[in-house]
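Secondary and tertiary structure notes
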Amino acid sequence: MKRSLLLLIFCMWVPMSVMGGSGNASVSSSIPSVVNVGALFTLNSVIGRSAQPAIKAAIDDVNSDSSVLPETKLNLILHDTNCSGFLGTVEALQLMEDDVVIAIGPQSSGIAHVISHVVNELHVPLLSFAATDPSLAALQYPYFLRTTQSDYFQMYAIADLVAYYEWREVIAIYVDDDYGRSGISVLGDALAKKRAKIAYKAPFTPGASNTSINDLLVGVNLMESRVYVVHVNPDSGLKIFAVAKSLGMMTTGYVWIATDWLPSLLDSSETADTDTMNLLQGVIALRHHTPDTDLKKKFMSRWNSLKDKSSASFNSYALYAYDSVWLAARALDVYLKEGGKISFSNDPRLHDTNGSTLHLASLRIFDGGQQFLQTILRTNFTGVSGPIKFGPDKNLVQPAYDILNIGGTGSRRIGYWSNYSHLSVISPEILYSKPPNTSTSSQHLYSVIWPGENTVKPRGWVFPNNGKPLRIAVPNRVIYKAFVSKDSGPLGVKGYVIDIFEAAINLLPYPVPRTYMLFGNGKRNPVFDNLVDAVAANKYDAAVGDITIITNRTKIVDFTQPYMESGLVVVAPVKEVKSSPWAFLKPFTVEMWCVTGAFFLLVGAVVWILEHRINHEFRGPPSQQLITIFWFSFSTMFFSHRENTVSTLGRLVLIIWLFVVLIINSSYTASLTSILTVQQLTSRIEGIDTLIASTEPIGIQDGSFAWNYLIHELNIAESRLVKLKSQDEYASALQLGPNGGGVAAIVDELPYIELFLSSTNCKFRTVGSEFTKSGWGFAFQRDSPLAVDLSTAILQLSENGDLQKIHDKWLIRNQCSMQINQVDSNQLSLKSFWGLFLICGVACFIALTVFSFKVLCQYRRFSPEDEEREVDEIEPARPRRPFRTTSFMGFVDRKEADIKEILKRKSSDGSSKRQAGHSSDGQSNSPA
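No experiment lies behind these values; they were computed from the predicted model shown. (Residues numbered from 1 in each chain as written. Predicted model: local features only at pLDDT ≥ 70, side-chain atom pairs only at ≥ 80, totals over all residues. Heavy atoms only, no water.)

1. Observations concerning the overall build of the protein
Tallying secondary structure elements over the protein gives 31 helices and 33 strands in all. Across the 928 residues in the protein, those meeting the buried criterion constitute 48%. Within the protein, contacts between residues separated by at least 24 positions form 73% of all contacts whose residues are at least 6 apart in sequence. As displayed, the protein offers around 45,200 Å² of accessible surface, 56% of which is attributable to carbon and sulfur atoms. (Helix = DSSP H or I, 4+ residues; strand = E, 2+ residues; numbered from the N terminus. Buried < 20%, exposed > 50% of the residue type's maximum accessible area, 1.4 Å probe, protein only. Contact = heavy atoms within 4.5 Å. Areas by Shrake-Rupley, 256 points an atom, 1.4 Å probe, with all protein chains shown as cover.)

2. Brief notes about the pattern of salt bridges
For the coordinates displayed, the defined rule picks out 23 salt bridges. The residue Asp178 makes a salt bridge to Arg181 at a minimum N-O spacing of 3.1 Å. Of this pair, Asp178 and Arg181 both sit in helix 6 (residues 178–193), three residues apart, roughly one helical turn. Of the residues examined, Arg181 reaches a relative accessible area of 38% and is grouped as partly exposed. (Salt bridge = Lys/Arg side-chain N within 4 Å of Asp/Glu carboxyl O.)

3. Observations regarding the side chain of Asn454
Note on placement: Asn454 falls in the loop between helix 14 (428–431) and strand 19 (470–475). A polar atom in the side chain of Asn454 sits 3.1 Å from the backbone oxygen of Val456. Leaving out residues up to four positions away in the same chain, Asn454 has contacts with Thr252, Val448 and Ile449. (Polar contact = N/O pair within 3.5 Å; in protein donor to acceptor, adjacent residues only side chain to side chain.)

4. Considerations on the environment of Leu122
Mapped onto the fold, Leu122 is located in helix 4 (residues 109–122). Judged by relative accessible area, Leu122 falls into the buried class, the value being 1%. Residues Leu122 and Phe344, 222 residues apart in the sequence, show an inter-C-alpha distance of 9.2 Å. Setting aside anything within four residues of it in sequence, one finds Leu122 in contact with Met96, Leu350, Leu363, Arg364, Ile365 and Phe366.

5. Overview of helix 23 (residues 727–736)
Those residues of helix 23 that fall on the buried side of the exposure criterion are Tyr730, Ala731, Ala733 and Leu734. Seen from one end, helix 23 has its buried residues packed into an arc of 165 degrees, which puts them on one side. Exposed residues pointing more than 90 degrees away from the buried face of helix 23 are listed as Asp728 and Gln735. Buried positions along helix 23 lie against strand 26 (568–573), strand 29 (698–701), strand 30 (721–724), strand 31 (745–749), helix 24 (750–759) and strand 32 (764–767). Of the residues flanking the end of helix 23, it is Gly737, one or two places downstream, whose phi is positive at about 75 degrees. (Arc of directions from axis to C-beta.)

6. A short note on the sheet that holds strand 31
If you walk across this open sheet you meet the five strands as 30-29-31-26-32, and the pairing is mixed. Looking at the sheet topology across the chains shown, the edges are occupied by strand 30 and strand 32. Mean inter-strand twist for the sheet, computed between neighbouring axes without regard to direction, equals 35 degrees. Bridging between strand 29 and strand 30 involves four bridges; their strand directions are parallel. The residue of strand 30 that forms the bridge with Ile700 is Lys723. (Pairing = 2+ DSSP bridges. Axes fitted to C-alpha atoms, helices over the stretch in contact; angles between N-to-C directions.)

7. Here's the deal with the sheet that holds strand 8 (residues 197–204)
Taken together, the eight strands give an open sheet; going across it, the order is 8-7-9-10-11-16-17-18, and neighbouring strands pair in mixed fashion. For this open sheet the edge positions go to strand 8 and strand 18 (422–424), each flanked by a neighbour on one side alone. For this sheet, the mean inter-axis angle between neighbouring strands, taken without regard to orientation, is 30 degrees. As defined by bridge partners, strand 9 (residues 227–231) adjoins strand 10 (residues 255–258) across four bridges and the pair is classed as parallel. Residue pairing across strands places Val229 opposite Ile257, the latter belonging to strand 10. Contacting strand 7 (169–175), strand 9, strand 10, strand 11 (284–288), strand 16 (400–407), strand 17 (410–418) and strand 18, helix 5 (residues 151–164) crosses the sheet at an angle of about 145 degrees to strand 11. Lying over the sheet, helix 6 contacts strand 7, strand 8 and strand 9, oriented at roughly 165 degrees with respect to strand 7.

8. Describing unusual backbone geometry
The omega torsion across Gly105 and Pro106 is -5 degrees, close enough to zero to call that bond cis. Counting through the fold element by element, Pro106 comes out in the loop between strand 4 (102–104) and helix 4. With phi around 50 degrees, Leu69 is a residue other than glycine that occupies positive phi space. Judged by relative accessible area, which is 4%, Leu69 ranks as buried. The backbone of Tyr480 sits at a positive phi, close to 55 degrees, despite the residue not being glycine. In this fold, Tyr480 is placed in the loop between strand 19 and strand 20 (485–486).

9. Details of the environment of Leu662
Positionally, Leu662 belongs in helix 20 (residues 648–677). Owing to a relative accessible area of 42%, Leu662 belongs among the partly exposed residues under this scheme. Between the alpha carbons of Leu662 and Thr636 there is a distance of 9.6 Å; along the sequence they are 26 residues apart.

Next comes the structure, spelled out in structure tokens:
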């Protein structure tokens, strides 16, 4: 009876415990025997057919590996999203009912956005091996983890490709969903950093018909850019190339860049389809780079023996799907070993309303989801696709792509891209061991066979195929028509500027249909700022004329390389300077005269000091010696000094000084000759500073940018500016002057002033120097590729001399001196001679130092007793008088020969005394 009662209680307890699992919370043992893992993607798709066998193989490998989850088996629950966002959401909710601890998938970025909200609520990590939308990495989706590379890196790889081939614009063709829009958005940002841009975005709806795609491609074929970036789904992407082939868009001059969808599609086919490959000749494509490791080779060798091989097709997503399962298994193993529990609890916000059949109450929260998520993020291992490790942005580290060139019946790799060293022909695994190098010179790719079997890099753009030639605006000038003017010839215009533009156009490797359109009424010069504004407003495609490149204009249009240098100068009336009776003083500045005179006296004094003790020509009464110093000093100017120098130091100083005098004399003669023989002109206007300080009127060419420059930059009152409309008005205004209704000076650009001065027989001159530096160029609309190509052509014209030949043809006139000859410019200043004076001064200092040392040595050996004894010997009969000690100055003033004689006798007397002392000592020591 007791046994029956116990059996009854046990049978009742088991169902209650099971029912308790569906209550508020369920708690299993610390290490469960089975854990549910969900998989969610479109099974019948290019990616799905590759991922399904890989996931199943990974589940089997994990369950058979005793080192990972030894006490737990993974139970795969697979759901098919059927390429539908709605069905994918439903399938995701159904999957969550099975209490999965992790979900693998989906492949669609659009479905991933929806499911991410579900897993966020239920705390179930979502590992996607194929959703590459960059926006999924946002903080909004903390439970979404991507086990493949984000399109963020792929778009930067494409931007590097565009920059490598020096293209500036691309057209983006993409599917209009989350996947397509987000990828192209990142591409626009990446291109902007390379100074390129997306010229046009061409979206199409998922599943668009061939007719819609045809209309789309016909429209983009009418545009300038010929570089197309195709970012679509692999299941429908070939439609783009089929329609492009029928429209003749797969020929020479076109560039097609496909994202990773195309290699995934081609890799999924065991044999290459000839018709498909014919559509793709010359296309550049990017494929996820996976290192050729032993693990990958082993997995590849197993591929044909995997389950469901009848429907299996391999591409890189199979590797990422396989690693996703292993990532989940390794992280779950660590999670359980760290004491994590597999438990779920009801969400009180999810409950079924009356009559509802949605079973929302069956969706339960994974209690350890947050801890499990952190375990996944710190998991680090090497899988078949390479290193599996998440960075701070939750993307896999070391993103890299193979760059393929499709041709023939397959494709060939022309290089790699990685975010470590960008474009390279060396495998990223090798570069990771070296310092990163992203400089332009380090970027390399192998040669490419482009569409049309062309090996020459396509230009990347053409003129729009709409039958319209380039609209070129030309200023209709009424003054200085040598630069550009109206003509009755075929072009309708002529001049220096037109010849340069035509010569540059002829150097381009492609034809440029163009039409010249005059800008202005022909009665007065057009305002060039208005001309540039018209180009920026798309009224004209370009402007060709004497257009100055200034800051405000470069903000709205693109200029070519300057074909002529320019700058603002001041031209004013001048008068001849009359000769002055003091003209002989003008060659040197006052400072130069003073220093030269001082050195004459200095050298004279130094030579006198050095010669005074040994040269009788430098001795005598003080007045005579002073005259000698002055005479000797200034006579060296003409090399007519009669005194001879006998000391070595004196001769050294004199030689150096005579060299200095020679240079000074020669320079003085040349400068004085120039002053007296060259015509000297002067003007009361010295330059732009003089005009700014005055209140007199200033002449400006009508239509010139100088008007705004003087008003806004130099703050000159607008009332002072006078517009001049012809060269005759230039001359008349200058001749009349400010008091006669004219102007004090004219401010204009240098090329115009050169023509004006030559036409007036050089009656006027420029004063001061150029106070702006600029140049003339051709203006194009922003980002026009013609501006770049024409800049190169202008440089070629400059290098081969054609630019100068065109200049000589139109602008050579009677030559005259541009600037007035300033007297001050011929004056010689101390700056030109300070080196000579320094050498001479150093020589004098050294000579005086040596002389002083020599005299001091003699003075130390000299004593007054010697001088007294010398006097007694010479005059013994004369009465003696008290002796006064000889001073140092007196010693220096004496002849050196006398000093040497005294010192010689002193030395001989000393020797005699020593001999006498020795003799007396000998006699005293002898015996008596």
